[in-house]
Protein chains: 2
Amino acid sequence: MTSKNKLIYLPLGGAGEIGMNMYLYGYGPSGQERYILADVGVTFPSMDGTPGVDLIMADTQFIQQRADQLDGIFITHAHEDHIGAIGLLFPRLNAPIYCRKFTAAVARAKMEDRGLDASAIEILPPYPEMQKVGPFSVGILPVPHSIPEASGLVIEVGGLRVVHTGDLKLDADPIVGEAFDPDMFKALGKKGVDVLVCDSTNVFSNKEGRSESTLQAPIAKMISEASGMVVATTFASNVARLKTLAEAGVAAGRSVCVLGRSMQRMLGYATQSGVLTDFPPRIDLEDVASVPRENLMLIVTGSQGEGRAASAQLARGKYLGLTMKENDTFLFSSKTIPGNEVPVGRIINSLAMQGVKVIDDSAEIYHVSGHANRPDLQRVHALLQPTTLIPMHGEYRHLKEHAQLAISNGMQAIVAPNGSVVEIDEKGAKVVDTIETGRIYLDGKQLIGAYDGVVLERIRMATRGFVAVSLVMEDADVLGVWAEVVGLPELSEAEEPLVTQIEEQIERVLVSQKAKRLLDDEEVEHLVARTVSRICRDEVGKKPVSRILINRLES
Amino acid sequence: MTSKNKLIYLPLGGAGEIGMNMYLYGYGPSGQERYILADVGVTFPSMDGTPGVDLIMADTQFIQQRADQLDGIFITHAHEDHIGAIGLLFPRLNAPIYCRKFTAAVARAKMEDRGLDASAIEILPPYPEMQKVGPFSVGILPVPHSIPEASGLVIEVGGLRVVHTGDLKLDADPIVGEAFDPDMFKALGKKGVDVLVCDSTNVFSNKEGRSESTLQAPIAKMISEASGMVVATTFASNVARLKTLAEAGVAAGRSVCVLGRSMQRMLGYATQSGVLTDFPPRIDLEDVASVPRENLMLIVTGSQGEGRAASAQLARGKYLGLTMKENDTFLFSSKTIPGNEVPVGRIINSLAMQGVKVIDDSAEIYHVSGHANRPDLQRVHALLQPTTLIPMHGEYRHLKEHAQLAISNGMQAIVAPNGSVVEIDEKGAKVVDTIETGRIYLDGKQLIGAYDGVVLERIRMATRGFVAVSLVMEDADVLGVWAEVVGLPELSEAEEPLVTQIEEQIERVLVSQKAKRLLDDEEVEHLVARTVSRICRDEVGKKPVSRILINRLES
């Protein structure tokens with residue numbers, strides 16, 4: 001190691017938001033660093049800021065400009081906000097993908113969905129095994145979370161050691177997969193951790209996290225006491241929860257059917273990869289009709305109110321021929337992610353209207369979080385004893401709170417939001433530079449930049465409406481004016497068709513101009529657009545987006 | 001009273017949602033009922049379902065068709081979801097408006113904003129005074145809430161008595177306005193209440209509601225311990241809270257400045273109407289600059305993350321020349337209404353980034369609700385001892401839960417969502433009919449129907465993008481094709497301009513048709529629209545909204 005070699009941490013996504021995780025580690029002399037990437041996640045669009053967008057991911061420009069310096073991509077676990085963009089962004093990254101077996105099954109499907117060769121994916125054994133990737137040695141550190149085979153990373157390079165937690169919780173009995181291993185963490189701490197890059201999402205949760213296993217008894221009790229059909233929803237990837245739900249159903253003498261593609265796929269991956277071995281017997285959809293509803297339990301997708309998922313369809317009336325009835329029970333074994341309150345509320349109300357007993361997690365009995373709460377984070381700090389904490393995965397307020405927590409316990413800590421170039425050495429870590437970061441949207445077939453203006457134009461049309469005007473002109477003569485009005489009231493205040501008023505006013509305005517002006521397309525466009533804007537403002541109180549199409553006949 | 005006279009309750013808004021309250025009471029022979037209306041509220045639009053809409057209110061068609069049968073409009077209190085549409089809908093209702101003094105001040109401003117004569121507003125003294133309105137005798141029953149002079153209604157007609165609570169809480173010390181008067185409620189119960197129509201919003205809150213006065217000590221403590229400038233936000237109409245905040249500021253030796261128009265207006269109404277007499281001294285904006293920030297407290301609007309309000313502007317950097325700095329404190333003395341989590345979170349993060357200490361109400365110390373919780377509702381039931389409970393103001397799940405609560409306590413109860421025609425007699429109440437209800441949108445200058453399709457078109461443009469095509473044709477000759485693409489990527493998959501591809505393909509498709517087909521505008525429109533759809537799907541994966549403008553030259 002020469003003194004010129006430097007270790008760099010650079011979050012591209014996830015440090016300043018919950019979701020869209022993407023963290024870069026670099027090592028080497030300035031400008032010739034070798035890089036590894038941790039996670040390639042997505043976040044989800046909303047009508048509010050990203051109408052019509054399919055997925056959102058971190059901008060990879062920085063890596064693309066250094067594509068030949070990227071030695072590997074590590075995926076900590078198979079949640080969409082860590083793995084979701086792998087199929088979309090792999091062509092831009094083009095480096096070996098390392099992960100555990102269950103995660104690999106999900107990654108493989110995502111690669112194949114995009115017509116990519118999945119052979120870039122390499123399955124690694126867990127820490128203490130280490131994988132050499134460029135100058136780095138990386139160990140896959142098993143941690144419990146709310147999905148099988150979640151992992152942190154032990155990154156060793158140039159005599160420094162970084163622990164990157166991924167998403168984790170300190171679950172001693174996670175039902176599926178390895179329990180939290182405090183001894184392994186303690187041993188790592190003893191070896192020396194220079195920097196801990198740590199999950200921050202639950203730093204504001206003051207109580208110690210509860211184990212997945214604490215749900216078994218209350219869920220079993222609830223289902224055993226239910227009278228009609230029982231339907232339960234949770235996150236599709238929470239295989240342990242699916243197992244708890246199914247076991248409770250079977251214990252209560254019910255036939256269990258799992259519905260919804262994403263859930264079935266996840267159970268398939270879990271079984272194939274060997275992490276799930278003893279899932280209770282299930283029945284197929286075809287057999288559901290022959291089971292009396294009081295002996296039936298469905299486990300379905302759509303815990304976040306997703307409009308096309310099973311939950312929402314059942315709430316609207318029917319899903320695959322199944323309907324809910326008076327005295328059936330619907331359980332949300334999930335929390336509502338902020339922003340999804342309205343669609344989830346819609347489902348609860350629809351079900352209540354059908355006489356269904358809806359049980360959500362407002363009483364915190366039927367769901368536990370997959371993330372380390374504040375006391376758990378302190379335990380992680382204490383076990384690993386890092387010189388410096390760098391909080392990751394959280395909104396700015398979470399990062400800041402997590403840093404303050406570490407500082408109050410005598411550690412160094414820095415807040416490094418997306419784009420912070422952090423230099424790490426034996427003494428600590430500091431932000432030495434900031435690069436511009438951004439977001440990429442999957443919009444239909446294309447990946448577009450968040451600042452391309454495409455989505456902004458759509459938002460404008462949604463709030464203001466739209467007017468198209470077609471003009472036919474021959475020199476300075478206006479031969480025809482046609483307007484189309486979209487998303488505006490049909491009638492003006494005077495109860496006349498708005499479109500007629502627009503056409504008439506445009507004609508009047510154009511005819512009153514000097515001929516010379518009308519020979520200039522730009523002038524005409526400007527005049528017409530201004531006229532449209534004025535009439536719409538006066539008549540309907542809106543300033544629509546407009547487009548003027550000028551057709552000039554050759555004279 | 002003849003046997004043909006019937007008392008009817010018909011919710012038009014608010015029973016099936018939180019917000020948009022509007023309840024009709026009718027009495028008389030079928031078809032000749034006389035009506036009174038309780039509340040004329042609004043609810044707020046969102047990008048999700050109502051982009052570009054300004055306000056949402058209940059459809060008044062049922063009343064408009066019986067406009068000469070409406071004898072009066074009662075407004076229970078001045079929250080927007082009870083009073084917000086009075087200026088917009090009064091021309092359709094046209095009946096005397098009855099309310100208390102503070103509410104009247106707000107109603108007057110809303111009428112004048114719309115150029116209406118405010119003399120329709122009549123201020124009534126509180127119950128036990130009763131106002132004769134058509135066949136009804138109505139008393140304005142003072143109840144505490146989170147705004148001055150909230151009231152319920154005691155409605156007497158044909159030997160029946162209905163208590164309509166409005167929004168209420170059982171606050172023994174509400175700081176501003178009358179305390180809850182259990183004796184008055186008990187006396188009413190003794191006289192006999194046939195039907196209680198009751199606020200349901202907090203039926204899922206299991207703890208007894210806390211008094212507004214319990215906030216004084218913790219707020220005072222928090223402000224006295226703050227170091228830099230203190231900024232607090234709450235609901236503008238919560239005059240009691242404004243007083244508590246200002247008193248705490250002054251007690252801590254700070255100069256207090258109230259910023260934001262809606263807050264200043266509310267304080268003005270409260271002072272003018274005499275309900276607020278001892279608000280602490282305030283300083284003007286001009287004097288803020290001369291006060292050291294550690295001696296300053298601002299009370300500002302924008303507790304729900306509203307983009308233009310003071311809170312959001314401070315979070316973005318500057319409001320009226322004021323900025324927040326490291327170690328300042330920002331207090332949300334408010335709860336975040338479901339659906340507003342994202343904008344409120346944005347403010348918290350921006351402030352955290354500026355080093356501001358943000359205190360929200362996640363610990364439930366600095367805010368209390370204005371609604372009766374579950375045990376409080378039971379107390380109301382017990383005091384009034386109604387024969388039947390009809391839950392109002394709540395989503396369906398709240399109405400249902402509230403009804404079940406009453407039934408479990410031995411009362412009759414029915415769930416009557418918007419549009420339920422409920423007949424009330426001495427024995428109880430039952431739904432005898434259902435009318436169609438709907439929503440009206442204020443969209444710019446106009447009131448439009450929710451089902452007019454205007455907003456749906458805007459949503460479609462927002463999610464799909466838009467293409468306008470202008471054609472110039474002479475008989476079957478295509479003289480020109482112009483397209484405009486809005487809200488779609490500029491380049492196709494083949495990296496060619498999308499607009500060029502659309503124009504070329506349209507031309508190709510049209511030229512290949514038989515001449516006869518091209519003489520028919522509908523055929524041409526259909527062909528072009530299909531071509532646009534196909535190209536956009538293939539090239540950018542979107543199916544845009546399109547409009548085809550055909551200009552035919554006379555040959």
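Residues numbered from 1 in each chain as written. Chains lettered and ligands numbered in written order. Predicted model: local features only at pLDDT ≥ 70, side-chain atom pairs only at ≥ 80, totals over all residues. Heavy atoms only, no water.

In the annotation of an unreviewed UniProt entry, the entry for chain A reads MBL fold hydrolase, and the organism field reads Amylibacter marinus.

Take the relation of the copies chain B and chain A next. Expressed as a screw operation, the relation of chain B to chain A combines 0.0 Å of axial shift with a rotation of 180 degrees, fitting to an RMSD of 0.1 Å. Taken together, the rotation angle and the small translation identify this as a two-fold axis. By residue overlap, the copies meet face to face through one surface: 98% of the interface positions of chain B are interface positions in chain A. (Least-squares fit on C-alpha atoms with pLDDT ≥ 70 in both. Contact = heavy atoms within 4.5 Å.)

Within the UniProt annotation, "domain: Metallo-beta-lactamase" (unreviewed entry) is assigned to residues 19-219 of chain A. Along residues 19-219 of chain A the backbone is 21% helical and 28% strand, and the end-to-end C-alpha distance reaches 29 Å. (UniProt positions renumbered as here; feature names shortened; annotations may be inferred. Helix = DSSP H or I, 4+ residues; strand = E, 2+ residues; numbered from the N terminus.)

Further remarks concern the nonpolar core. Among the nonpolar cores identified, the biggest contains 221 residues, and Leu 37 and Ile 73 of chain A together with Leu 37 and Ile 73 of chain B are the most heavily contacted of them. Looking at this core, the element that brings in the most residues is helix α4 (residues 101-113) of chain B, giving seven residues. Excluding residues that lie within four positions of it along the chain, Leu 37 of chain B makes contacts with Leu 12, Met 22, Tyr 23, Leu 24, Ile 63, Leu 70, Gly 72, Ile 73, Phe 74 and Leu 93 of chain B. (Core = buried A, V, L, I, M, F, W, Y, C linked by side-chain atoms within 4.5 Å. Buried < 20%, exposed > 50% of the residue type's maximum accessible area, 1.4 Å probe, protein only.)

Right, let's get into the domain arrangement of chain A. Here chain A is described as being made up of domain 1 (6-207 + 369-449), domain 2 (212-359) and domain 3 (465-552). Taken over C-alpha atoms, the centre of domain 2 of chain A sits 55 Å from the centre of domain 3 of chain A. (Domains from an automatic or database assignment.)

We now examine the pairing of strand β12 (residues 151-157) of chain B. Residues and elements named next belong to chain B. Across the seven residues that make up β12, a large majority, six, are buried. Across six bridges, the pairing between strand β11 (residues 136-142) and β12 is antiparallel. Within the sheet, the bridge partner assigned to Leu 141 lies in β12 and is Gly 152. Sheet analysis places β12 next to strand β13 (residues 160-164), joined by five bridges and oriented antiparallel. The residue bridging Ile 155 from the neighbouring strand is Val 162, located in β13. Two successive antiparallel strands, β12 and β13, enclose a turn made up of two residues, where Gly 158 displays a positive phi of approximately 50 degrees. (Pairing = 2+ DSSP bridges.)

The next subject is the sheet that holds strand β24 (residues 428-434) of chain A. All names here are of chain A. Spatial strand order, β9-β8-β7-β4-β3-β1-β23-β24: eight strands in an open sheet with mixed pairing. Here the strands that pair on one side only, and so sit at the sheet edges, are β9 (121-123) and β24. With strand direction ignored, the average angle separating the axes of adjacent strands in the sheet is 25 degrees. Relative to β9, strand β8 (residues 97-99) runs parallel, the two sharing three bridges. Bridge pairing in β9 links Tyr 98 to Glu 122. Along the sheet face, helix α3 (residues 86-93) touches β3 (22-28), β4 (34-38), β7 (70-74) and β8 and points at about 170 degrees away from the line of β7. The sheet strands contacting helix α4 (residues 101-113) are β8 and β9, and the helix crosses β9 at an angle near 170 degrees. (Axes fitted to C-alpha atoms, helices over the stretch in contact; angles between N-to-C directions.)

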